[in-house]
Amino acid sequence: MSRRVTRCCSCVVACSTLIWAGMLWAHPNEPPENEPPENEHPQQVPGLTLEEAVERVQRVAELNRRVETLFEQKRFREAREALRELHRIDPLDKYTLYNLACAYAVLDDPENAIEYLLDALSCGFVEFHYMVRDPNLDSIRDHPQYRAIIENWTLLLDRRSEAEFAAMEAFFGPRYTYKRAPDLRLNYVNSFDEESFVAARGEIQRVAEWASNLFADPAPSTERPDPWVHILLPTYEDFFRLVPSARIGGIYDRKRTRLITRDIGPSLRHEFVHVLHWRHMDRLGQVHPIWIQEGLATLVEDIDAPADGSGGMEIRPSWRTNIASRLVRGGAVIPFERFTSMDREQFMGRRVSAHYAQARAMMYYLHEKGLLAEWYRAYVENFDEDPTGLEALITTLDAPLRDIERAYRIWSLNLPRVAEIDRPGEASLGVDLKPGRGIGPEVNLINDQLARTVRPWGRGDRLRNRDIIIEVGGTQVRTLDDLYRVLGDYEPEDIVPVRVRRGQREYELNIELIERPKQEIF
């Protein structure tokens, strides 16, 4: 390996530490950008006033748009000058460095192109699958330094991962635990207790097994592996410092190869599908539309799975399919041709909840027919002819589009309604609940007249304040949505085993469910 590539590896630690030092003030989008590499540093810079920071962010965004336009117009000298200004604003931005390498390469300046490419690697650029397909770098493919990068593909990714992992350990300190999973190329940064951490890793494994048939071809390569991804399971307080939004349960920030989740159930599964899907798209050299990305990710939010973590999962209707059914009843389903052609801005704009619901329902429809994997294979094989996925739907379902939409609407109307909230008249635990801190819903208030426990097991006599509910009727519950969906399968006066975390110990209770009275609001 050349001396310069070795230097690139050794610089990673310093660059990683600087990136992580500012990480808690980052404002990642939700969901993250679905675009090829571009600049992204929206955080406020120390030493700047708020007004100066806002101006800086606006200027960076303006310059990035200009660079994109200039590259499309092949005005590479002007693009280089705009990139130089971006580089002066943030010398450590890996995408600015990478784009400078591209600009110099197309301007036939291979030495500067290689210099900036190696600097991009030093500051965290790991999209090697994208790099080897980028026509802007064609002029340096035979350069010894470029060949050294390709020959040391695995080593460079591993060194980068090790350095970032060390930087995270230094940043978060001893209150977190740290574990690497080489088989899936994951680094875990964990704030949960050991039992919950084991359960979280079980969820990751469950999703990986489910997705292995879907994202099978091309499979990961040992010679050119995927980048490592950091799985952050933060404390409740750290989550809202890392992801300052109460609206979402997690993010996958592809540009920083990090997944951050608020819970170890639906949000973790959702975001990990994004990880696996993006890895597959990178290997394919494709970027799938947002309805496909979010449709696949939401599919695994609501599942039934063995509580012992033995593997396997059954995808279930959810509160999102409730919305999909209401859209059909109200005549508000978006025609498939228009829906599959939506760009990110349209999907995330008005009626975003309806868009997520329709995306999940369409994927669930394919899943229920046993055609999801077949549709996905047909889609990726014919991506160049139809990147929307519509033609693959028509081919896989083997029917005219009008008939497909009619069958989908009938199917949606017959979906079972899933309990979404604790409604009067429905089965209830008789306690006030709050979302908890990622392990399961937490008992917030006991109503002595409503909460009853019969035939208690062990030392648990009844639900108590601050009990964390982790399992109902043998089904894991990590969120309030999980709990309401599971309780929807029962009737008042049913006796249901409920497993709770109380302090550092777990207890299993037999709880007699009660009818939620109309005068009570919990």
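## Structural notes on the packing of helix α3 (residues 50–72) against helix α4 (residues 76–89)
Then step 1. Relative to each other, α3 and α4 sit at 155°, their axes nearing to 9 Å. In terms of orientation, α3 lies roughly antiparallel with respect to α4. α3 and α4 meet at a crossing whose hand is left-handed. Across the interface between the two elements, Arg-56, Arg-59, Val-60, Leu-63, Asn-64, Arg-66, Val-67, Leu-70 and Phe-71 of α3 pack against Phe-76, Glu-78, Ala-79, Ala-82, Leu-83, Glu-85, Leu-86 and Ile-89 of α4.
Then step 2. Across the contact of α3 with α4, the residue classes tally to eleven nonpolar, one polar and five charged.

## Some remarks on the confidence of the model for the protein
Then step 1. Confidence along the protein averages 86 in pLDDT terms, with 85% of residues attaining 70 or more.
Then step 2. Here residues 1–44 is modelled with pLDDT under 50, and outside its nearest four sequence neighbours on either side it reaches 120 contacts, counting other chains as well.
Then step 3. Considering only residues more than four positions removed or in separate chains, one finds that residues 448–460, a stretch of pLDDT under 50, has 35 contacts.

## Quick word on the nonpolar core
Then step 1. Trp-210, Phe-272 and Trp-375 are the most contacted members of the largest nonpolar core, which totals 71 residues.
Then step 2. Membership of the second largest hydrophobic core comes to 39 residues, among which are Leu-63, Phe-71, Ala-105 and Leu-121.

## Comments concerning the pattern of salt bridges
Then step 1. Under the defined criterion, the tally for this structure stands at 30 salt bridges.
Then step 2. Among the ionic contacts, a cluster of salt bridges with common partners joins Asp-193, Arg-499, Arg-501, Glu-506 and Glu-508.

## Quick notes on the pairing of strand β1 (residues 177–181)
Then step 1. One ladder, built from five bridges, connects β1 with strand β2 (residues 186–190); its direction is antiparallel. The partner of Ala-181 across the bridge, within β2, is Leu-186.
Then step 2. The turn linking β1 back onto β2 is made up of four residues, and Arg-185 within it adopts a positive phi angle of 55°.

About the cut-offs
Residues numbered from 1 in each chain as written. Predicted model: local features only at pLDDT ≥ 70, side-chain atom pairs only at ≥ 80, totals over all residues. Heavy atoms only, no water. Axes fitted to C-alpha atoms, helices over the stretch in contact; angles between N-to-C directions. Helix = DSSP H or I, 4+ residues; strand = E, 2+ residues; numbered from the N terminus. Parallel < 35°, antiparallel > 145°, perpendicular 65-115°, else oblique. Left-handed = near helix turned anticlockwise from the far one by under 90°. Contact = heavy atoms within 4.5 Å. Nonpolar A, V, L, I, M, F, W, Y, C, P; charged D, E, K, R; others polar. pLDDT = per-residue confidence, 0-100. Core = buried A, V, L, I, M, F, W, Y, C linked by side-chain atoms within 4.5 Å. Buried < 20%, exposed > 50% of the residue type's maximum accessible area, 1.4 Å probe, protein only. Salt bridge = Lys/Arg side-chain N within 4 Å of Asp/Glu carboxyl O. Pairing = 2+ DSSP bridges.

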